[in-house]
Amino acid sequence: MSELIKDQYIGPDEVLRKKKDYIIPCVYHFYSKPMQLVKGEMQYLYDTTGKQYLDCFAGVSVVNCGHCHPEITKAVCDQVTTLQHTCTIFLTENIVNLAERLAQVTPGRLQKTFFCSSGSEANEGAALLASIYTGNQEFISLRQGLHGRTKLGMSLTGLQMWRTDTSPVGGISFAPNAYCYRCPYGKRHPECDLACANEIETIIKTTTSGQVAALIAEPIQGNGGIITPPPGYFKRVKEILEKYNILLIVDEVQTGFGRTGKMFAIEHYGVEPDIMTMAKALGNGVPVGAFTTRPDIADKYTRPGASTLGGNPVTSAAALATLEVLKKNNLPQQAAELGLYLKTGLTELQKKYPLLGDIRGHGLMLGAELVKPDKSPAPEQLDAILEQMKDRGFLIGKNGPDRNVMAFQPPLVINRKDLDNLLNNLNDILAAIH
Ligand code: PMP
């Protein structure tokens, strides 16, 4: 990037000052001295100095097709110069075409969609629909799940860090998550017989009134620490829920659209949810959220309730183009292959460095849990590694209740050379710590 362009920017210090003065501090940043990003090109980001970063974070699993993907950019630009907004009251082609495409790509009988602008709204809407359909008001959620920043979204969230609301919505029971590395029962799969899933039945019978609308769960918990349930987990959960006429809402906000090596992560478990929520990668960075459900459930929601910006022609154009790019380039399959490559590389590192306690995830949604020799969380080491990786040009995520899980969620258009680079640099840093 030329000096001329660089001079157009106010600079990182001024950005930090303005952030402090004008942005509510709940918006936080990872690094002690954050870089000022100004440009994105597929899997790469650039700061004001022209320094290139490999984005292993994708804006938390948003830009699955890569930053500023030319086809998605063109679709947005074309729409922006033609018709930017109406409102769902006046139908446009984009909204119905997008709903039709979602019916085609979502599992089983999921067919009818509601559009909004974020993951939080999608989960709120899905919970509302579950209440309308079942006539029940209670919910079950999983520990370490994250479902949004609205009042209900936070109340459904099982991570203290994201539950800032001191008066959460009532009627929510939490079930243990399928955290095999730290199994609350001290068991191992498959001998455990899915004790964590079985516990849901006990919870229904003990901590609820029995009038439960739905259980909400991420198929792989993202912010919770890339918690990846073992095979059979969701089948057992669904069986239990069906026995008590409770709906299953699957939150695919972070896992959807090829991220885990399948179009949707719940496909790894062969289960058809009753309602599926989506956002993030649906618009590849353009704000669009949605939930899709079966017609018999959808058709109970007849009262007016559309969202002003939901199904906007521009965001719908972005989502249509995103779905096309994912399909045309077979990105879910690519994520499966590259994910396996990265997981193998991380597992090799794990053999050398016991700091990497557990490697987990599917496709390009992988986590490495950093632990001390006694298996207690090692967040300080993770912070040091992430700072050094940033200096070397790699942006990696961090999550889990103890902030000790390194999260790899790059754009799916990454390649093996990028991954080799990533692994080599990580190896250097781990070797120095070791
Ligand atoms: N669900 C999940 C699984 C998420 O990861 C997030 C955001 N991290 C949300 C819901 C909330 O989405 P949004 O920030 O778009 O409201």
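Along each chain, residue indices are assigned from 1 in the same order as the chain's sequence is written. In keeping with the model being predicted, local features are shown solely for residues with a pLDDT of at least 70 and side-chain atom pairs are shown and tallied solely at 80 or more, while totals for entire chains, interfaces and linings include all residues.

Caption draft 1: View of the overall build of the protein chain. Check the secondary structure of the protein chain and you find 14 helices and 14 strands. The globule rule used here is 2.2 Å times the number of residues to the 0.38 power, and the radius of gyration it is set against is calculated over C-alpha atoms. Its C-alpha atoms give the protein chain a radius of gyration of 21 Å, near enough to 22 Å, the size a compact globule of 434 residues would have. For the protein chain, the spread of C-alpha atoms along the three principal axes comes to 60 × 60 × 45 Å. Counting across all 434 residues of the protein chain, residues that qualify as buried make up 47%. Residue pairs are scored as contacts if the distance between their C-beta atoms, which are placed from the backbone, is within 7 Å. Long-range pairs, those at least 24 residues apart, make up 75% of the contacts in the protein chain with a sequence separation of at least 6. Numbering of helices and strands runs from the N terminus; a helix is a DSSP stretch of H or I covering at least four residues, while a strand is a stretch of E covering at least two. Any residue surrounded by 20 or more other C-beta atoms within 10 Å of its C-beta is treated as buried, while 12 or fewer makes it exposed and the intermediate range makes it partly exposed; C-beta atoms here are placed from the backbone.

Caption draft 2: Spotlight on the sheet that holds strand S6 (residues 172-175). Strands are labelled as partners when DSSP assigns at least two bridges between them. In space, the seven strands of this open sheet follow the order S4-S10-S9-S8-S7-S5-S6, with mixed pairing throughout. One side of each edge strand has no neighbouring strand; the edge strands of this open sheet are strand S4 (112-116) and S6. Across the sheet, the mean angle from the axis of one strand to that of its neighbour is 20 degrees, orientation sign disregarded. Note: strand S9 (residues 275-278) against strand S10 (residues 289-293), four bridges, orientation antiparallel. Looking across to S10, one finds that Met-278 is bridged to Ala-290. Note on geometry: axes are C-alpha line fits, over the in-contact stretch for helices, and angles between N-to-C directions span 0 to 180 degrees.

Caption draft 3: Highlighting the sheet that holds strand S11 (residues 356-362). Across the sheet, which stays open at both edges, the seven strands sit in the order S1-S2-S3-S13-S14-S12-S11 with mixed pairing between neighbours. In the strand order of this sheet, the two ends are held by strand S1 (37-41) and S11, each with one partner. When the angles between neighbouring strand axes are averaged without regard to direction, this sheet yields 30 degrees. Note: strand S12 (residues 365-370) against strand S14 (residues 405-408), four bridges, orientation antiparallel.

Caption draft 4: Quick peek at the pairing of S11. Within S11, six of the seven residues are buried, which leaves the element mostly enclosed by the surrounding structure. With six bridges joining them, S11 and S12 adopt antiparallel strand pairing. Residue pairing for S12: Arg-360 is matched across the bridge by Gly-367. Between S11 and S12, which follow one another and run antiparallel, lie two residues, and Gly-363 among them has a positive phi close to 55 degrees.

Caption draft 5: Representation of helix H14 (residues 416-433) within the structure. Helix span is expected to be 1.5 Å times the residue number reduced by one. A rise of 1.5 Å per residue sets the reference length of H14, with its 18 residues, at 26 Å; its end C-alpha atoms lie 26 Å apart and thus fit the reference within 8%. For H14, the full list of buried residues reads Asp-418, Leu-419, Leu-422, Leu-426 and Ile-429. Angular distribution of buried residues about the axis of H14 spans 95 degrees; they occupy a single face of the element. When the buried face of H14 is taken as reference, the exposed residues oriented beyond 90 degrees from it are Arg-416, Lys-417, Asn-424, Ala-431 and Ala-432. Working note: the arc is built from the helix axis to C-beta atom directions.

Caption draft 6: Local environment of the nonpolar core. Think of a nonpolar core as buried Ala, Val, Leu, Ile, Met, Phe, Trp, Tyr and Cys residues chained together by C-beta atoms that fall within 7 Å. One finds Ala-130, Ala-214, Leu-215, Ile-249, Ala-290 and Ala-318 to be the most contacted residues of the largest nonpolar core, which totals 115 residues. In terms of residue count, helix H11 (residues 313-328) provides more of this core than any other element does, nine residues in total.

Caption draft 7: Focus on the site of the ligand. Surveying the vicinity of the ligand reveals 16 residues, the closest of which are Ser-118, Gly-119, Ser-120, Val-253 and Gln-254. If one sorts the elements of the shell around the ligand by residue count, helix H6 (residues 119-134) sits on top with three residues. Note that Gly is not counted as nonpolar here; it falls among the polar residues with everything else outside the nonpolar set of Ala, Val, Leu, Ile, Met, Phe, Trp, Tyr, Cys and Pro and the charged set of Asp, Glu, Lys and Arg. Residues belonging to the shell around the ligand are distributed by class as follows: four nonpolar, nine polar and three charged. In this analysis, residues qualify as near a molecule or strand once their C-beta atom, positioned from backbone atoms, comes within 6 Å of it.

Caption draft 8: Highlighting the packing of helix H4 (residues 70-80) against H11. In the contact formed by H4 and H11, the axes pass within 8 Å of each other and the chain directions differ by 155 degrees. The angle between H4 and H11 places the two elements in the roughly antiparallel class. By crossing handedness, the relation of H4 to H11 is classed as right-handed. Residues Glu-71, Ile-72, Ala-75, Val-76, Gln-79 and Val-80 of H4 form the contact with H11, whose participating residues are Pro-313, Val-314, Ala-317, Ala-318, Leu-320, Ala-321, Thr-322 and Val-325. Broken down by class, the residue content of the contact of H4 with H11 amounts to 11 nonpolar, two polar and one charged. The scheme is simple: roughly parallel for angles under 35 degrees, roughly antiparallel for over 145, roughly perpendicular for 65 to 115, oblique for anything else. Handedness of a crossing is defined here by the sense of rotation of the near helix relative to the far one, left-handed for an anticlockwise turn of less than a right angle and right-handed for a clockwise turn.

Caption draft 9: Examining the environment of Pro-354 more closely. Position of Pro-354 among the secondary structure elements: in the loop between helix H12 (331-352) and S11. Counting along the chain gives 19 residues from Pro-354 to Pro-373, while the straight-line C-alpha distance between them is 7.3 Å.

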